[in-house]
Amino acid sequence: FTHGYLPKNFLTKSCRYPCVNRTDLYELLRKAVVDSEIVNYVVDNKTHLDRWDFSGSFGFVVSVVTTIGFGNMSPFTLEGKVVCVVYAMFGIPLTLLVLGGLGEKMASCISKIRKCKNPMCHHTPRVNHMLNVFYIIILGVVLIFVAPAAMFTYVEQWYFMEAVYFCFTTLSTIGFGDYVIGIHETRLTNVYTHEFYEVIAYVWILLGLAYLSLVYRYITDTMFAKAQEVGRSTIKRLGSVAKL
Amino acid sequence: KDHTPVKDSLLTPGPKFTKSHDQKQKLKIVNDSVRTKQEKSKVVTKSLQLPGQRFHTAAVKVQAVVKFTRLERLKRRAKWATKKLIVFILSHVGLTVLVGLYAVAGGFIFQNLETNTTFVNNTHNNNETEEVLENLRWQFVERLFNMTYELNVIHPDSWKMHATSVLEAYEKQIRQILRNVTDKEDGQLSESNDWTYPRALLYALTIITTIGYGNTVPLTWEAKLVSMVYALFGIPLTLLCLANIGSLLASVYRLTWKHLTHIWLVIRRSPSRHDPKIETSQVRVPILVSLTTMVVYILGGAAIFSKWENWSFLDGSYFCFITLSTIGFGDFVPGKNRDTFESNTKRVVCALYLLFGLATLSMVFQLLQDSVSVVIGRYASVLGLSESKIRKDMEETTNDGSRTASTATKVNDRFLATVLEAPASAAAEKNHQIKIGHTIQESRVRDAPMV
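Because the structure is a prediction, the values reported are computed rather than measured.

Focus on the overall build of chain B
Reasoning step 1: Along the backbone of chain B there are 14 helices and zero strands.
Reasoning step 2: Starting at the N terminus, the α and β elements of chain B follow one another as α-α-α-α-α-α-α-α-α-α-α-α-α-α.
Reasoning step 3: Relative to its full complement of 451 residues, chain B shows a buried share of 35%.
Reasoning step 4: Taking contacts inside chain B between residues at least 6 apart in sequence as the whole, the part at least 24 apart equals 71%.

In structure tokens form, the structure reads like this:
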């Protein structure tokens, strides 16, 4: 393509295609080189031509701001890269603020729900705490992993384990990008349901991250309390050994 | 002072007895009274001794006590030192070593998991190419012979001309083959080929730091499952380690900043010299300085990688930023898809840059934490939104007895409390580093330096 002989031959070979505009052809070829998936769309005459439409860009923005970073779409032009960096610098702390607050809200909701259900149970604070953790973990596993995985299995036509793998790598913000939602042909043929599905998926990512931050905080808090306890007891034991 | 108070009360001021009789009486009284065995023995030893003897034993006892405390002090100091050392190892060095071992082990695990599947593909490609080359060689040897045979009479110039054209055709074919082979290596197949150790190490690191480039991905089911489990345990461990290192580096940075400012003021002979004996933990590094450190690190990495990989400098800094913010698109990754020594060293250097960069980032976060909360507090107080002022207002309104105003201020208070506490909690959510660092600092203050 850099030598230009391929499009030249295509256009001028015995004037086979006189109606094709040269600049249009070059644009198409450049896009095809950048985004090889477009070739399928052009050949099969589909309407979803540009990946950088609103839902695709929204997905890209979500992947930047949550630091997941799928990588299937990344800025190509210089201006795009600069804007991406600036956007990330402001967006990441802002997102962390929001997700942290969301997580707290969810925790309070969960504890409220639990209290309403069992008004007669008198638990000690420790048992209460453990029950809270249990509920959170169960709810987390079901709502954040199983249900979305089922949805992806149906829509994206993956295997269930593949969908679980995708959920895990996305919510842990690793984000390999080997599995990405919404770019391949899905079972949702209607454009509007497809866009709705994509929006739902990105909202799930945000909520799931808020939930996971909560789980992480619980785990680290309990780990820390235990570590401190262990530390204090070992130091006491060391002290008593020293005294002996 | 043989007489204890109890004895005095028991002994009535009666007639004087003889010594032995006196002693016997005392013993009897001691035995009769309700007292512990210790006291009885004390009383007995005390009463059985002459005054001179008592002084001597007392002196011996005092000497023994002094010796005992000195030895005890030494022992205690040694034990305290060893305790501190153990705890230090477990908290800083030990954790780092643990994470390093985890990454190294992960590299081995993934290398073993993935090379089995790709080995077959590699040999297949090589055999194919070998065959093609051999056929091509024979083909052109035949052509050369035919050309020479047809010439019949061999003139050097004409033969050379014909031979050149034949060899040019051969060259063209070779180029075509090489292009196909290299295309295959650059394509999807080669991404999973050659899981050398540096590549596996970089892959393991991208998992536990949640960067996740995506240029190398697990293909088999076992590898995917192992990756998930590896991430589940590795990510909290790495976050913990990074928070730890970050707090350590932050305190070192604060110390150097304190001394630098002191030296600067001394040089300028400014009258308002800062007291060098301020607590290191109270030194506040300005926001600009911490941010500049991060920027310098990013630009330094950009310079190195852009030179090695022939990227532009802007592309290199873009790569460094995307990597260190753990976004990790994977559009730029150092080390091409070859198995050369160069690309392997590049990958190892990238891994090291990654680790140090994340530690620096954690340090910068902790340094920023103090400054940012102070700055926001200042602005909040300027705007009249400080917590103390709100509480005062609330008190005033509750004293006045107007309910609506009090509830309004209550709502404001709660909302603004979350906003004011936000910087700390936001940074905590980021990689859960700051919260951990805070707890570390708190725990250190509480003198429980474990972890």
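Quick word on the UniProt feature "transmembrane region" (unreviewed entry) in chain B
All names here are of chain B.
Reasoning step 1: The sites that UniProt annotates as "transmembrane region" (unreviewed entry) are residues 85-110, 228-253, 283-304, 316-335 and 347-368.
Reasoning step 2: A helix fraction of 82% and a strand fraction of 0% characterise residues 283-304, whose end C-alpha atoms lie 33 Å from each other.
Reasoning step 3: As annotated, residues 316-335 has a helix share of 45% and a strand share of 0%, and its two end C-alpha atoms lie 13 Å apart.

Digging into the side chain of Lys224(B)
Reasoning step 1: Counting through the fold element by element, Lys224(B) comes out in helix α8 (residues 221-268).
Reasoning step 2: No salt bridge is formed by the buried Lys224(B); its nearest oppositely charged neighbour, Glu162(A), is found at 4.6 Å.
Reasoning step 3: Ignoring any residue separated from it by four or fewer positions in sequence, one finds Lys224(B) in contact with Tyr165(A), Tyr179(A), Pro218(B) and Leu219(B).

Comments concerning the state of the cysteines
Disulfide: a covalent bond connecting the sulfur atoms of a pair of cysteines.
Reasoning step 1: A full pass over the atoms with the stated rule returns zero disulfides over all chains.
Reasoning step 2: This cysteine, Cys320(B), is not joined by any disulfide, and Cys350(B) carries the nearest cysteine sulfur, 8.5 Å off.

Observations concerning the packing of helix α7 (residues 160-171) of chain A against α8(B)
Reasoning step 1: Taken N-terminus to C-terminus, the directions of α7(A) and α8(B) make an angle of 30°; their axes are 11 Å apart at the nearest point. Taken together, the axes of α7(A) and α8(B) are roughly parallel relative to one another. Between α7(A) and α8(B) the crossing geometry is left-handed. Across the interface between the two elements, Met161(A), Glu162(A), Val164(A), Tyr165(A) and Phe168(A) of α7(A) pack against Trp221(B), Lys224(B), Leu225(B), Met228(B), Ala231(B) and Leu232(B) of α8(B).
Reasoning step 2: Its residues assigned to classes, the contact of α7(A) with α8(B) shows nine nonpolar, no polar and two charged.

The rules we used
- Residues numbered from 1 in each chain as written.
- Chains lettered and ligands numbered in written order.
- Predicted model: local features only at pLDDT ≥ 70, side-chain atom pairs only at ≥ 80, totals over all residues.
- Heavy atoms only, no water.
- Helix = DSSP H or I, 4+ residues; strand = E, 2+ residues; numbered from the N terminus.
- Buried < 20%, exposed > 50% of the residue type's maximum accessible area, 1.4 Å probe, protein only.
- Contact = heavy atoms within 4.5 Å.
- UniProt positions renumbered as here; feature names shortened; annotations may be inferred.
- Lys, Arg positive; Asp, Glu negative; His and termini not counted.
- Salt bridge = Lys/Arg side-chain N within 4 Å of Asp/Glu carboxyl O.
- Disulfide = S-S within 2.5 Å.
- Axes fitted to C-alpha atoms, helices over the stretch in contact; angles between N-to-C directions.
- Parallel < 35°, antiparallel > 145°, perpendicular 65-115°, else oblique.
- Left-handed = near helix turned anticlockwise from the far one by under 90°.
- Nonpolar A, V, L, I, M, F, W, Y, C, P; charged D, E, K, R; others polar.

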